[in-house]
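Structure assessment
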Amino acid sequence: MKATTGWLLFAAGAVAAGALAAADAPQDAEVSDGGERYHLRYEFSPGEVFRCKVTHLTTVDTKIRGVTETAQTRSVSTKVWKILNVDQAGNVTFSYTVEDASMWQQLSGREEIRYDSSKDEEPPDEYRHVAETVGVPLGTITISPSGEILRRENARPQFNPGIGELTIPLPPQPVQVGESWTRDGELPIRLNDGKVKRVKTRHVYQLKKVQTGVATIAARTEVLTPVDDPAVQSQLVQRVKRGEVRFDVDAGRVLHQQMDIDETVLGFSGADSMMKYLSRLTEESS
């Protein structure tokens, strides 16, 4: 496995965790008629600066033709929204920046590679593309109060150094504890012959509880397109998610989220091949 391969596996962690098949909804929250409803919505003020610390850890073990390799990566970064405008409908326009990034990777039989944007003037080649994006505006984005991206003007080619998703979708209407909402999506998967297969997905969210103004939301990805090719499955497990989000109902922003992956795919590169993918992505506002 080349060094860049380990990084690509890491960068794909845009996301986080779960089984490929649809899972049952959480059972620890039940809807009861007449219960309080909560309006979950993003709320910011012009001139406000919103920062989040994002940590992404991955370990990928692969076995191909009897040869076992391990790739480990770590990213710690700070993403920043500078709020430019909030219109009468509550749509929020902000500039988006990765303020700093600390990167590390270790591949079997190779020296570890490190980069810290706050200390290193010259990045290693493996992280040069990261260094070029740190501290400069990546784009100007407008989101609705429910987190839908309405406009996006990219200032630079987008590169995601393990910084997670831009927003989580929120329900347009008030919801009770136990209620769920969904958003359909599509993942492009590149096949061995160079063609791209588009896999339909559904992101499912459920309001589990609300305590002292903080909503706990369960999140998972369901894969809707039938997939029986292990090579495709090996890419999907890096891009579906399962985890939990804590959202400040009054302040209108994510306080914390954690997404995890613990998946094994057999036969992804030959009959005796195996890939075990472990990942944890956490995001915490500061």
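The paragraphs below set out a description of the structure included in this document.

About the criteria used
- In every chain, residue numbers begin from 1 and rise along the written sequence.
- In keeping with the predicted nature of the model, local features appear solely for residues at pLDDT of at least 70, side-chain atom pairs appear and are counted solely at 80 or more, and the whole-chain, interface and lining totals rest on all residues.
- Think of the side-chain values as coming from all heavy atoms in the structure, minus any hydrogens and water.
- Note on conventions: DSSP H or I runs of at least 4 residues are helices, E runs of at least 2 residues are strands, and numbering of each starts at the N terminus.
- The buried label applies to any residue whose accessible area, calculated with a 1.4 Å probe on protein chains only, is under 20% of its type's maximum; exposed applies above 50%, and partly exposed to all values in between.
- Throughout, a contact is declared for two residues whenever any of their heavy atoms are within 4.5 Å.
- A strand pair is defined by DSSP finding two or more bridges across the two strands.
- Stacked, edge-to-face and tilted are the three classes for Phe, Tyr and Trp ring pairs, Trp counted by its six-membered ring, which pair at centre distances within 6.5 Å; planes under 30 degrees apart are stacked, over 60 edge-to-face, the rest tilted.
- Residue types Ala, Val, Leu, Ile, Met, Phe, Trp, Tyr and Cys, when buried and joined through side-chain atoms within 4.5 Å, form a set referred to as a nonpolar core.
- Here a salt bridge means any side-chain nitrogen of Lys or Arg lying within 4 Å of a carboxyl oxygen belonging to Asp or Glu.
- The method works on a 1 Å grid over the protein atoms by themselves. A cavity is a set of points holding a 1.4 Å probe that cannot get out, a pocket is an open set with protein on both sides within 12 Å along at least five of seven lines, and residues with an atom within 4 Å of a point line them.
- Grid points are joined across faces, edges and corners, and a volume is the space filled by probe spheres set on the points.

1. With respect to the overall build of the protein
Along the protein, the regular secondary structure elements total three helices and 12 strands. Within the span of the protein, comprising 286 residues, buried residues form 47% of the whole. In the protein, the proportion of contacts linking residues at least 24 apart, taken out of those at least 6 apart, comes to 64%.

2. Focus: the environment of Leu40
Along the chain, the position of Leu40 falls in the loop between helix 1 (3-11) and strand 1 (49-64). According to the relative accessible area criterion, Leu40 is buried, its value standing at 1%. In this structure the C-alpha to C-alpha distance between Leu40 and Val249, which are 209 residues apart in sequence, comes to 6.0 Å. With near-sequence residues (within four places) excluded, Leu40 lies in contact with Leu170, Pro171, Val175, Trp181, Ala215, Ile217, Phe247 and Val249.

3. Re unusual backbone geometry
Note: most residues except glycine have negative phi, and most peptide bonds are trans. Positive phi values are uncommon outside glycine, yet Arg65 reaches one of about 50°. Structurally, the position occupied by Arg65 is in the loop between strand 1 and strand 2 (67-86). Despite not being glycine, Thr212 has its phi angle at roughly 45°, a positive value. Assignment of secondary structure puts Thr212 in the loop between strand 8 (196-211) and strand 9 (214-223). A residue is classified by how much of its surface remains accessible, and Thr212, at 84% relative accessible area, is exposed.

4. Digging into the pairing of strand 4 (residues 113-116)
Residues in a regular strand point their side chains to alternate faces of the sheet. Relative to strand 4, strand 3 (residues 92-107) is paired through four bridges, and the arrangement is antiparallel. By the bridge assignment, Trp104 is partnered in strand 4 with Arg114. Linkage of strand 3 to strand 4, two consecutive antiparallel strands, is achieved through a turn of five residues, within which Gly109 is found at a positive phi near 75°.

5. Thoughts on the packing of aromatic side chains
Summed over the entire model, instances satisfying the criterion amount to seven aromatic pairs. Between Tyr42 and Phe247, the aromatic rings sit 5.6 Å apart at their centres with planes inclined by 85°, giving edge-to-face as the arrangement. Of this pair, Tyr42 sits in the loop between helix 1 and strand 1 while Phe247 sits in strand 10 (residues 242-248), and the two are 205 residues apart along the sequence. A residue is classified by how much of its surface remains accessible, and Tyr42, at 4% relative accessible area, is buried. Looking at Phe247, the relative accessible area reads 0%, which means it is buried. Their ring planes at 15° and their centres at 6.1 Å tell us that Trp181 and Tyr205 sit as a pair that is stacked. Residue Trp181 is found in strand 7 (residues 180-190), and its partner Tyr205 is found in strand 8; the two are separated by 24 residues along the sequence. Here Trp181 falls in the buried class, since its relative accessible area comes to 7%. The rings of Phe44, Phe50, Trp81 and Phe94 are connected pair by pair, giving a single aromatic cluster.

6. Brief notes about the nonpolar core
In terms of nonpolar packing, the biggest core is built from 31 residues, with Leu40, Tyr42, Trp81, Phe94, Leu207, Ile217 and Phe247 touching the most fellow members. Of the residues forming this core, the biggest block, four residues, is contributed by strand 3.

7. Considering the pattern of salt bridges
The tally for this structure, following the rule as stated, stands at 14 salt bridges. Ionic pairing is found between Glu122 and Arg128, a salt bridge with its closest N-O pair at 2.9 Å. Its salt-bridge partner being Arg128, residue Asp125 comes within 3.1 Å of it at the nearest N-O pair. Residue Asp125 is classed as exposed on the basis of its relative accessible area, which comes to 61%. What you see here is one network of salt bridges that share partners, running through Glu122, Asp125 and Arg128.

8. As for empty space enclosed by the protein
Applying the stated rule across the entire model yields two cavities of 30 Å³ or more. Approximately 80 Å³ is the volume attributed to the largest cavity. Considering the residues around the largest cavity, the lining is formed by 11 residues, among which Tyr42, Leu166, Thr167, Val254 and Glu283 are closest to the centre. Where the lining of the largest cavity is concerned, the elements lending two or more residues are strand 2 and strand 11 (253-266).

9. Considerations on the side chain of Asn91
Structurally, Asn91 can be placed in the loop between strand 2 and strand 3. For Asn91, a relative accessible area of 15% puts it in the buried group. In this structure Asn91 touches Asn85, Val86, Thr142, Ile143, Ser144, Pro145 and Leu150, once residues within four positions along its chain are discounted.

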